[in-house]
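Take a look at the letters that make up each chain.
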Amino acid sequence: MCGQIILLHGPSGSGDSTTPKALLDPIERSFWQVSTDHPRDAGVLPGVRLQQGDFRWSDIRAAVFDGVHQSLAACAGAGNNLIVEHILDTPGWGDDPMRLPAPCDELFVGLPCDLDELQRREAIRGGRPLGSAEQHYLSVNKTCR
């Protein structure tokens, strides 16, 4: 039996990380909070070597995300409920990025946010290249149409 999946789709700074935290306590079932940023944040990716230019993100990006998507599909397929934070910024991801086993109960939630507010949050928060907010804003709005 496939677990339930809540897929949160929004640009960085839209509340994509705080929304799952607010949902976890009142939901009656057990859910995992999963972000596609977790491999980077956990130090799984060769971050320093990427920054030094030893590896190019564009060369490994597709394989990294394909692996993340497959692992999420496996977790859901094993019966785990997931709240997934994801920026669906690549053509085809909006269709079904995880290629989930059927039948899965999926809820797709868009997290809209005004571009000016995203840019304000980006400047305060740091940790991402300036301009990421606008790039994500434009790609999210394309995907949600």
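The text that follows walks through the structure, step by step, so that each part is easy to find. (Residues numbered from 1 in each chain as written. Predicted model: local features only at pLDDT ≥ 70, side-chain atom pairs only at ≥ 80, totals over all residues. Heavy atoms only, no water.)

End to end, helix H4 (residues 57-77) covers 29 Å across 21 residues, agreeing with the expected 30 Å (1.5 Å per residue, within 8%). Buried within H4 are the following residues: Val64, Phe65, Val68, His69, Leu72, Ala73 and Ala76. In this structure, the buried residues of H4 make contact with strand E1 (4-9), strand E2 (31-35), helix H2 (38-41) and strand E3 (81-86). (Helix = DSSP H or I, 4+ residues; strand = E, 2+ residues; numbered from the N terminus. Expected span 1.5 Å × (residues − 1). Buried < 20%, exposed > 50% of the residue type's maximum accessible area, 1.4 Å probe, protein only. Contact = heavy atoms within 4.5 Å.)

Moving on, we get to the pattern of salt bridges. This model, assessed by the stated rule, comprises four salt bridges. A salt bridge links Asp59 to Arg56; the nearest nitrogen and oxygen atoms lie 3.2 Å apart. The same class applies to Asp59 and to Arg56, which are both exposed. Residues joined in a network through salt bridges with shared partners are Glu117, Arg120 and Arg121. (Salt bridge = Lys/Arg side-chain N within 4 Å of Asp/Glu carboxyl O.)

The subject of this paragraph is the pairing of E1. Among the six residues that make up E1, five are buried, leaving the element largely enclosed by the rest of the structure. Of the strand pairs in this sheet, E1 and strand E4 (residues 105-110) are connected by six bridges, and their pairing is parallel. Bridge pairing links His9 to Gly110 in E4. The pairing of E1 with E3 spans five bridges and is classified as parallel. Among the inter-strand pairings, His9 is bridged to a residue of E3, identified as His86. (Pairing = 2+ DSSP bridges.)

This part takes up the side chain of Ser14. Among the secondary structure elements, Ser14 is positioned in the loop between E1 and helix H1 (18-24). Owing to a relative accessible area of 12%, Ser14 belongs among the buried residues under this scheme. From its side chain, Ser14 meets the backbone oxygen of Pro11 in a polar contact 2.7 Å long. Beyond its immediate chain neighbours, meaning those up to four positions away, Ser14 contacts Leu111, Cys113, Leu118 and Arg121. (Polar contact = N/O pair within 3.5 Å; in protein donor to acceptor, adjacent residues only side chain to side chain.)

For the rest of this paragraph, the subject is the sheet that holds E2. Pairing is parallel in the open sheet, where four strands are placed in the order E2-E3-E1-E4. The open sheet terminates on both sides in strands that have one partner only, identified here as E2 and E4. Put simply, the sheet's adjacent strands are angled 15 degrees from each other on average, direction ignored. Against the sheet, H4 engages E1, E2 and E3, with an angle of about 160 degrees to E3. (Axes fitted to C-alpha atoms, helices over the stretch in contact; angles between N-to-C directions.)

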